[in-house]
Amino acid sequence: MTSVAYHAFSQKEAKEFDVQQHPGAQRAKAFVRAFLKRSMPRMSQQALEDHLQRKAVVLEYFTHRKRKEKRKKSKGLSAKQRRELRLFDIKPEQQRYSLFLPLHELWKQYIRDLCNGLKPDTQPQMIQAKLLKADLHGAVVSVTKSKCPSYVGVTGILLQETKHVFKIITKEDRLKVIPKLNCVFTVEIDGFISYIYGSKFQLRSSERSAKKFKAKGTIDL
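Residues numbered from 1 in each chain as written. Predicted model: local features only at pLDDT ≥ 70, side-chain atom pairs only at ≥ 80, totals over all residues. Heavy atoms only, no water.

Where an unreviewed UniProt entry is consulted, the protein chain appears under the name POP4 homolog, ribonuclease P/MRP subunit, with the organism given as Ovis aries.

This is the structure:
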């Protein structure tokens, strides 16, 4: 192909293809037509014209598309895996009431900030509404009513809350697991007492912020 491309036209061919008579751009076009006719003698003149006008010349340059690497989303542990690893279990040597008193002090300050300061003229309904949606970890919780008499009177700092139970550490350094169902709890802070009806409170702490609670709860005891 190289020998054909750079092969000089004879005077007869130049005269036949009318290469020398056109100056500038016209001469270049005439040369290209002559070159194609010489290189592809079997193609008709019309086919050569169509080839020049309607088809682009590919110079064998290909753009390489970068493959997008799919990022694997890091999946957290499932509830079953967390239970198997016992991530939320409180070790016996850590089940001491005195260890969690600083947590209780932090919780009281959190509630005071949430309620814009607990003043004597603060409406109890507002405090009740705030507490029902607040995080109760660190609060001192007492069981005032229950279908199970052994739960009544249990008081301690709330360490863990799940959808169905409260885990409370008492002053006797005992970890109590109290079901929410059929129990009434009280939470006291700065003289304000709030009642929590466990049967209407069976939610995770993260889900309560969007929950609308009724003004009065009921329990069948």
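Participant: Hey, could you run me through the overall build of the protein chain in this one?
Facilitator: On a plain count of helices and strands, the protein chain comes out with seven helices and six strands. Within the span of the protein chain, comprising 221 residues, buried residues form 27% of the whole. The contacts of the protein chain with a sequence gap of at least 6 include a subset with a gap of at least 24, amounting to 46%. For the protein chain, the accessible surface area stands at approximately 17,100 Å², while carbon and sulfur atoms represent 53% of it. (Helix = DSSP H or I, 4+ residues; strand = E, 2+ residues; numbered from the N terminus. Buried < 20%, exposed > 50% of the residue type's maximum accessible area, 1.4 Å probe, protein only. Contact = heavy atoms within 4.5 Å. Areas by Shrake-Rupley, 256 points an atom, 1.4 Å probe, with all protein chains shown as cover.)

Participant: Would you take a moment to explain the environment of V165 for this structure?
Facilitator: Turning to its location among the elements, V165 is positioned in strand β3 (residues 165-169). Along the sequence, V165 and I178 sit 13 residues apart, while their C-alpha atoms lie 5.5 Å from each other. Not counting residues within four places of it along the chain, the set of residues in contact with V165 comprises Q160, V177, I178, P179 and K180.

Participant: I'm lost on unusual backbone geometry in this one. Help?
Facilitator: Residues apart from glycine generally show negative phi values, whereas peptide bonds are mostly found in trans. The backbone phi angle of D173 is positive, close to 60°, even though this residue is not glycine. Here D173 shows up in the loop between β3 and β4 (175-179). Residue D173 is classed as partly exposed on the basis of its relative accessible area of 36%.

Participant: So what exactly am I meant to see when it comes to the side chain of E161 here?
Facilitator: Inspection of the secondary structure puts E161 in strand β2 (residues 155-161). A polar contact is formed between the side chain of E161 and the side chain of K180, at a distance of 2.9 Å. Discounting chain neighbours no more than four positions away, the residues touching E161 are H137, F166, K180, F201, L203, S205 and R208. (Polar contact = N/O pair within 3.5 Å; in protein donor to acceptor, adjacent residues only side chain to side chain.)

Participant: How should the nonpolar core be read in this particular structure?
Facilitator: Burial of nonpolar side chains together is a common tendency in soluble globular proteins. Within the largest apolar cluster, 24 residues are counted, with the highest numbers of intra-cluster contacts made by W107, I111, L118, V141, I178, F185 and I196. Counting residues per element, the ones that place at least two in this core are α6 (101-114), α7 (124-133), β1 (140-146), β3, β5 (183-189) and β6 (192-197). With four residues, the single largest contributor to this core is β5. Filtering out sequence-adjacent residues up to four positions away, I111 remains in contact with L118, L131, A134 and I189. Core analysis: the next-biggest nonpolar cluster, separate from the first, contains six residues, I90, Y97, F100 and I169 among them. (Core = buried A, V, L, I, M, F, W, Y, C linked by side-chain atoms within 4.5 Å.)

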